[in-house]
Amino acid sequence: MTVETWLWIGTIGMAIGQFLLFFPMQKNKSVDEEGDSIAHFFVPLVAMTIYLLMALGFGQAHLASGRTFYYGRYIDWTITTPLLLLSLVSSEVRGQTVKRGALIAGLLASDVYMILTGLVAGWTDDPQLKWWFYALSCLSFLAIYGLLWGPFKRLSESSPDGKQYVKKAAALSVIWFAYPVVFIIGQEGLRLWSGLYDGILFTCLDLTAKVLYGLWAVSMVKGSEPVSRSLPESGARLATGR
Ligand code: RET
């Protein structure tokens, strides 16, 4: 097997994921749930496109040191990780999105900063630049954990979906933790294993973080309260026209 084979496996896996995540989008549900399922549909759509690009030989750089760097992954992550985070926290800020705007912006900015500093760390072969940027990326990863388990967890305690938030945030925290570990062991870091293992592990992680997690997350929202019931009295009257 080659890395290319795994890029094709990723492309097909994401296409299947997209197909499966298409149906939850069609169900009649509250505004929040609808937004959630649309986000979870777009994630494998974006990933499938980038996997296809990489499988066809694009989105990769052949470096002077002889290794191939798949920068396409980072383009994918820059688009999909903010969507995954947004969908996780959106139910906690139901009806308060404007008031919590700065908190959400901080979360998304830390995420994009994490991926972009990681891109520099992965691309360069200069050890100093690599490890400084790896450290910066890890710091913003810690900031993401801090926000998810601090302010957003507190917000979730006053939300009807509080328990779901904790479950989803825990799953996301565990799956995401594997990315910097694979990076450090593989070709972008200490090169303790071959590029094939990077290819296999990143593909499996992406399929887990996007498709399996997405299917699980959209199946979980089913039992939550429809948005009109959680509106304040006046809002409810407005919404129903009474
Ligand atoms: C990098 C390298 C530098 C250090 C850190 C990283 C973290 C990456 C993460 C990626 C998550 C990607 C997901 C994609 C699926 O949709 C950039 C590997 C901290 C957490 C979840």
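Bear in mind that the values here come from a model prediction, so they are computed numbers and not experimental data. (Residues numbered from 1 in each chain as written. Predicted model: local features only at pLDDT ≥ 70, side-chain atom pairs only at ≥ 80, totals over all residues. Heavy atoms only, no water.)

## Some words on the overall build of the protein chain
Along the protein chain, the regular secondary structure elements total nine helices and two strands. Put simply, the protein chain runs from its N terminus to its C terminus through helices and strands in the order α-α-β-β-α-α-α-α-α-α-α. Counting across all 242 residues of the protein chain, residues that qualify as buried make up 46%. Considering only contacts in the protein chain between residues 6 or more positions apart, those separated by 24 or more positions represent 73%. With the model as given, the accessible surface of the protein chain reaches about 11900 Å², and the carbon-plus-sulfur share is 70%. (Helix = DSSP H or I, 4+ residues; strand = E, 2+ residues; numbered from the N terminus. Buried < 20%, exposed > 50% of the residue type's maximum accessible area, 1.4 Å probe, protein only. Contact = heavy atoms within 4.5 Å. Areas by Shrake-Rupley, 256 points an atom, 1.4 Å probe, with all protein chains shown as cover.)

## Regarding unusual backbone geometry
Here R191, not a glycine, exhibits a phi torsion of approximately 55 degrees, which is positive. As for its position among the elements, R191 is in the loop between helix 7 (162–185) and helix 8 (195–220). Look at R191 and you get partly exposed, because its relative accessible area is 38%.

## Side note on the packing of helix 3 (residues 72–90) against helix 8
The axes of two packed helices give the description: the angle between them and the distance between them. In the contact formed by helix 3 and helix 8, the axes pass within 11 Å of each other and the chain directions differ by 30 degrees. Judged on the interaxial angle alone, helix 8 and helix 3 are roughly parallel. In this structure, helix 3 meets helix 8 at a crossing whose hand is left-handed. Residues R73, D76, W77, T80, L84 and L88 of helix 3 pack against G199, F202, T203, D206, A209, K210 and Y213 of helix 8. Here the contact of helix 3 with helix 8 is composed, by residue class, of six nonpolar, three polar and four charged. (Axes fitted to C-alpha atoms, helices over the stretch in contact; angles between N-to-C directions. Parallel < 35°, antiparallel > 145°, perpendicular 65-115°, else oblique. Left-handed = near helix turned anticlockwise from the far one by under 90°. Nonpolar A, V, L, I, M, F, W, Y, C, P; charged D, E, K, R; others polar.)

## Concerning empty space enclosed by the protein
Inspection of every chain in the model, using the stated rule, returns two cavities of 30 Å³ or more. In this structure, the largest cavity encloses a volume near 320 Å³. What lines the largest cavity is a set of 20 residues, among which W77, M114, I115, Y179 and P180 lie closest to the centre. Listing elements by their share of the lining of the largest cavity, those giving two or more residues are helix 3, helix 4 (101–123), helix 5 (127–149), helix 7 and helix 8. With five residues, helix 3 is the largest single contributor of residues to the lining of the largest cavity. Split by residue class, the lining of the largest cavity holds 14 nonpolar, four polar and two charged. (1 Å grid on protein atoms, 1.4 Å probe; cavity = no way out; pocket = protein on both sides within 12 Å on 5 of 7 lines; lining within 4 Å. Points joined across faces, edges and corners; volume = space filled by probe spheres on them.)

## As for the site of the ligand
Taken together, the neighbourhood of the ligand is formed by 16 residues, with T81, S137, W176, Y179 and K210 sitting nearest. Within the contact set of the ligand, an oxygen atom lies 2.9 Å away from a side-chain nitrogen or oxygen of K210. A total of 540 Å² of accessible area belongs to the ligand in isolation, and the protein chains cover 100% of it. Taking a 2 Å distance to the grid points as the criterion, the majority of the atoms of the ligand fall inside the largest cavity. (Near = heavy atom within 4 Å. Polar contact = N/O pair within 3.5 Å; in protein donor to acceptor, adjacent residues only side chain to side chain. Sits in = over half its atoms within 2 Å of the grid points.)

## Let's talk about the confidence of the model for the protein chain
Per-chain confidence: the protein chain averages 88 in pLDDT, with 86% of residues scoring 70 or above. Note that residues 227–242 has pLDDT below 50 and, in this model, ten contacts with residues that lie over four places away or in other chains. (pLDDT = per-residue confidence, 0-100.)

## A few points about the side chain of T117
Within the fold, T117 resides in helix 4. Given the relative accessible area of 6%, T117 is considered buried. A distance of 2.7 Å separates a polar side-chain atom of T117 from the backbone oxygen of Y113. When near neighbours in sequence (up to four residues on either side) are disregarded, T117 contacts F133, L136 and S137.

## As for a nonpolar patch on the surface
Together, W8, I12, I16, F19, L20, F22, F23, L52, L53, L56 and F58 give the surface a local cluster of nonpolar side chains, amounting to about 1000 Å² of exposed area. A total of seven residues in the nonpolar patch trace back to one element, the largest contributor, which is helix 1 (residues 3–26). (Patch = residues over 30% accessible without salt bridge, like charges linked within 9 Å, V, L, I, M, F, W, Y side chains within 5 Å. Salt bridge = Lys/Arg side-chain N within 4 Å of Asp/Glu carboxyl O.)

## Some thoughts on the environment of L215
Counting through the fold element by element, L215 comes out in helix 8. On the basis of relative accessibility, which here comes to 26%, the residue L215 falls in the partly exposed class. Those residues in contact with L215 that sit more than four places away from it in its chain are L20 and L21.

## Quick notes on the nonpolar core
In summary, soluble globular proteins display a tendency toward joint burial of nonpolar side chains. Among the nonpolar cores identified, the biggest contains 36 residues, and L88, L107, L148, F152 and W176 are the most heavily contacted of them. Per-element accounting of this core gives the leading share, eight residues, to helix 7. Of all hydrophobic cores here, the second largest spans eleven residues; its members include V3, L7, A47 and Y70. (Core = buried A, V, L, I, M, F, W, Y, C linked by side-chain atoms within 4.5 Å.)

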